[in-house]
Amino acid sequence: MGALQQVLVVGDGVRAVDRSLSGELASLGYASVTASMEAADDVLAVIARPAAVLLQAPTRRDPGYARRAARLRGHLRDRGIPVILIGDSGEARAGGPVDLATRLGAYVAAQPDL
């Protein structure tokens, strides 16, 4: 049996139960690390290359967060790490489930076990 693929969840610091992705990721067979946007670069420097990064959009408009998120997405894209935006304005989030099995599986299905 191979090691679990690791996913980095980058959030806005809100730790509400309805925004927690770690349990859902575990049920799908992924190990996860959760970090704030401010700590994302430091976390990426010390963990193994993640299979994907889930970027949780803040529940409120925050231009500073948006700038940091855009920079992080560009950095990860350059490294070939897929970024999946969760909770963006185009997605019905209000307590509804996110279909991570479909959204995440499409990105990392071809990734080898590390």
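Note that the structure is predicted; figures quoted are calculated from it, not measured.

**Considering the overall build of the protein**
Along the protein, the regular secondary structure elements total 4 helices and 4 strands. Of the regular secondary structure in the protein, the N- to C-terminal order runs β-α-β-α-β-α-β-α. Taking all 114 residues of the protein together, 38% fall into the buried category. Sequence separation of 24 or more characterises 79% of the internal contacts of the protein that already satisfy a separation of 6 or more. Accessible area for the protein stands at about 6400 Å²; split by element, carbon and sulfur atoms hold 55% of it.

**Here we look at the pairing of strand 4 (residues 83-86)**
A one-sided burial pattern is seen for strand 4, the buried positions being I84 and I86 and the unburied ones V83 and L85. Pairing of strand 3 (residues 52-56) with strand 4 involves 4 bridges; the strand directions are parallel. Each bridged residue has a counterpart across the sheet, and for Q56 the counterpart in strand 4 is I86. Following the chain from strand 3 across helix 3 (residues 63-78) to the adjacent parallel strand 4, one finds a crossover that is right-handed.

**Focus: the confidence of the model for the protein**
Detailed conclusions should not be drawn from predicted coordinates in areas where pLDDT is low. The share of residues in the protein with pLDDT of 70 or more is 65%, and the mean pLDDT across the chain is 75. Summarising per-element confidence for the protein, the mean pLDDT is lowest in helix 4 (residues 100-108) (61) and highest in helix 2 (residues 40-46) (93). The low-confidence segment residues 89-97, where pLDDT is below 50, has 10 contacts with residues more than four positions distant or belonging to other chains. Residue range residues 109-114 is modelled with pLDDT below 50. Its contacts to residues more than four positions away, or to other chains, number 9 contacts.

**Thoughts on the pattern of salt bridges**
It is possible for side chains of opposite charge to pair when their charged atoms get near one another. All told, the structure shown has 2 salt bridges when counted by the stated rule. E38 is the salt-bridge partner of R68, the closest N and O atoms lying 3.2 Å from each other. Of the two residues, R68 is situated in helix 3 and E38 in the loop between strand 2 (30-36) and helix 2; the sequence distance between them amounts to 30 residues. By relative accessible area, R68 is classed as partly exposed at 29%. Overall, the relative accessible area of 55% leaves E38 in the exposed class. Across the salt bridge formed by R71 and D41, the nearest N and O atoms sit 2.9 Å from each other. Pair noted here: R71 is in helix 3 and D41 is in helix 2, with a separation of 30 residues, a long-range link. A residue is classified by how much of its surface remains accessible, and R71, at 47% relative accessible area, is partly exposed.

How each quantity is defined
- Residues numbered from 1 in each chain as written.
- Predicted model: local features only at pLDDT ≥ 70, side-chain atom pairs only at ≥ 80, totals over all residues.
- Heavy atoms only, no water.
- Helix = DSSP H or I, 4+ residues; strand = E, 2+ residues; numbered from the N terminus.
- Buried < 20%, exposed > 50% of the residue type's maximum accessible area, 1.4 Å probe, protein only.
- Contact = heavy atoms within 4.5 Å.
- Areas by Shrake-Rupley, 256 points an atom, 1.4 Å probe, with all protein chains shown as cover.
- Pairing = 2+ DSSP bridges.
- Right-handed = clockwise from strand over helix to strand, strands pointing away.
- pLDDT = per-residue confidence, 0-100.
- Salt bridge = Lys/Arg side-chain N within 4 Å of Asp/Glu carboxyl O.

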